[in-house]
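Summary of the model geometry
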Amino acid sequence: MIDIRRTITECLPRDLLLDLEDRLAAEALKAFEVIRDNFPLNARRGREAVGQIRFRAQEQGFEEVVTKHGGMIIEDGCIPGTDLKVFQPFARFAGGPVGVILGFASMPEPRKVPPKNQSRNAGVTVNFHLQPRLDFDGSAPKPSDIFVLFLVSRDRQRAGLIEEVAIGVIDSGYEDFIFYEPLDRFLTDQARHLAVDQCRFLW
């Protein structure tokens, strides 16, 4: 079984994750300020407009940041090794024997699986091998890349702000997270694991 945390740590640079956090938070605030300062909409319409602009701005910011950090945007809009189409910017990062296909999604609230769409549903199909199954005839898909989401949820109390940023892996049936961790905790654990590995190397 693949160690999900280790795979993500080996494939996704710490600076990438920090830059994504900063950029997506900045885009969320900018979207709020653009609507607040330029469009006299009522509360409901204002929230809807902010939501639309926020996601599109964050999506573009995500693509620019992952490209800057060496992520390879998926060519031809197809998940590698499949004929499944995607219409969002997914980027592949190679680490060891297993790579990470990184996508972006907004959550309705922390720890809640983001809405399913065609792209994310195609992405999670590669996570089939992360869930224990009986494979009597050896025909189950073999370990390859894993599909990981960089997740944000807006602050429901303070407009323009982000409540939580997290790293998540959704099961292949798109029902629940098989790995979920707030970004600050993930980065702390990442640093601790790297320190332990360095100590083992020195010994």
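The rules we used
Residue numbering note: each chain is counted from 1, following its sequence as written. Confidence filtering applies because this is a predicted model: local features only for residues at pLDDT of at least 70, side-chain atom pairs given and counted only at 80 or more, and all residues used for totals across whole chains, interfaces and linings. Calculation of side-chain values draws on the structure's entire complement of heavy atoms; hydrogens and water are dropped beforehand. To count toward a patch, a residue needs a relative accessible area above 30% and no salt bridge. Like charges then connect within 9 Å, nonpolar side chains (Val, Leu, Ile, Met, Phe, Trp, Tyr) within 5 Å. For the area figures, the Shrake-Rupley method with a 1.4 Å probe applies, and any residue is considered shielded solely by the protein chains shown. What makes a salt bridge here is a side-chain nitrogen of Lys or Arg within 4 Å of a carboxyl oxygen of Asp or Glu, nothing more. Every helix listed is a DSSP run of H or I at least four residues long, and every strand listed is a run of E at least two residues long, numbered separately from the N terminus. By this rule the span expected of a helix is its residue count minus one, scaled by 1.5 Å. Only protein chains enter the calculation, and the probe is 1.4 Å; a residue is then buried if its accessible area is under 20% of its type maximum, exposed if over 50%, and partly exposed in between. Using only the protein atoms, space was sampled on a 1 Å grid; points where a 1.4 Å probe fits but cannot get out form cavities, open sets with protein on both sides within 12 Å along at least five of seven lines form pockets, and lining residues are those with an atom within 4 Å of a point. Grid points are joined across faces, edges and corners, and a volume is the space filled by probe spheres set on the points. The residue classification treats Ala, Val, Leu, Ile, Met, Phe, Trp, Tyr, Cys and Pro as nonpolar and Asp, Glu, Lys and Arg as charged. All others, Gly included, are polar. By nonpolar core is meant a set of buried Ala, Val, Leu, Ile, Met, Phe, Trp, Tyr and Cys residues that side-chain atoms within 4.5 Å join together. Here a residue-residue contact requires only that any non-hydrogen atoms of the pair lie within 4.5 Å. For two strands to pair, DSSP has to find at least two bridges joining them. Every axis corresponds to a line fitted to the C-alpha atoms, with the helix fit spanning only the stretch in contact, and the corresponding angles, defined between N-to-C directions, vary from 0 to 180 degrees.

Before going further, it helps to examine a nonpolar patch on the surface. Taken together, the side chains of Val34, Phe39, Leu41 and Ile53 make up a nonpolar region of the molecular surface, amounting to roughly 310 Å² of accessible area. Mapped onto the secondary structure, Leu41 falls in the loop between α2 (14–38) and α3 (43–68).

For α3, built from 26 residues, the straight-helix expectation of 38 Å at 1.5 Å per residue is met to within 8% by its first-to-last C-alpha distance of 37 Å. The set of residues buried in α3 consists of Gly46, Ala49, Val50, Arg54, Phe55, Gln58, Glu59, Gly61, Phe62, Val65 and Val66. One or two positions beyond α3, positive phi appears at Gly70, with a value near 90 degrees.

Gaps left between atoms are located by rolling a probe of water-molecule size over the structure's atoms. A volume near 330 Å³ is recorded for the largest pocket. If you go around the largest pocket, you meet 20 residues; those closest to its centre are Phe32, Gly46, Arg47, Val50 and Ala159. Those elements giving two or more residues to the lining of the largest pocket turn out to be α2 and α3. The element contributing the most residues to the lining of the largest pocket is α3, with 6 residues. Of the voids in this model, the second largest pocket is the one considered here, and its volume is about 220 Å³. As for the second largest pocket, its lining consists of 13 residues, and the residues nearest its centre are Arg54, Ser106, Met107, Pro108 and Arg154. Secondary-structure elements contributing two or more residues to the lining of the second largest pocket are α3, β3 (100–107) and β4 (146–154). Considering every element that reaches the lining of the second largest pocket, the biggest residue donor is α3, with 4 residues. In terms of residue class, the lining of the second largest pocket is made up of 6 nonpolar, 4 polar and 3 charged.

On to the nonpolar core, then. One finds Ile8, Leu102, Ile146, Phe150 and Ile167 to be the most contacted residues of the largest nonpolar core, which totals 33 residues. Looking at this core, the elements that each hand over two or more residues are α1 (4–11), α2, α3, β2 (91–93), β3, β4, β5 (162–170) and α5 (183–202). With 5 residues, α2 is the single largest residue contributor to this core. Not counting the four nearest positions on each side in its chain, Ile146 is found in contact with Ile2, Ile4, Thr7, Ile8, Val98, Gly99, Val100, Ile101, Val126, Asn127, His129 and Leu130. Ile79, Val113, Leu149 and Phe177 belong to the second largest nonpolar core, which has 19 residues in total.

Residue Arg111 is not a glycine yet carries a positive backbone phi of 70 degrees. Backbone geometry places Tyr174, a non-glycine residue, at a positive phi of 55 degrees. Within the fold, Tyr174 resides in the loop between β5 and β6 (177–182). Using a relative accessible area of 8% as the deciding quantity, one classes Tyr174 as buried.

Strand pairs in the sheet, formed through backbone hydrogen bonds, run parallel or antiparallel to each other. Spatially, β1-β2-β3-β4-β5-β6 is the arrangement adopted by the 6 strands of the open sheet, whose pairing is mixed. Since the sheet does not close on itself, it has two edges, and those belong to β1 (72–73) and β6, each with one partner. As defined by bridge partners, β2 adjoins β3 across 3 bridges and the pair is classed as antiparallel. Looking across to β3, one finds that Ala91 is bridged to Leu102. Along the sheet, α2 contacts β2, β3, β4 and β5; its crossing angle with β4, the most-contacted strand, is approximately 35 degrees. Of the strands in this sheet, β1, β2, β3, β4 and β5 touch α3, which is tilted by about 160 degrees from β3.

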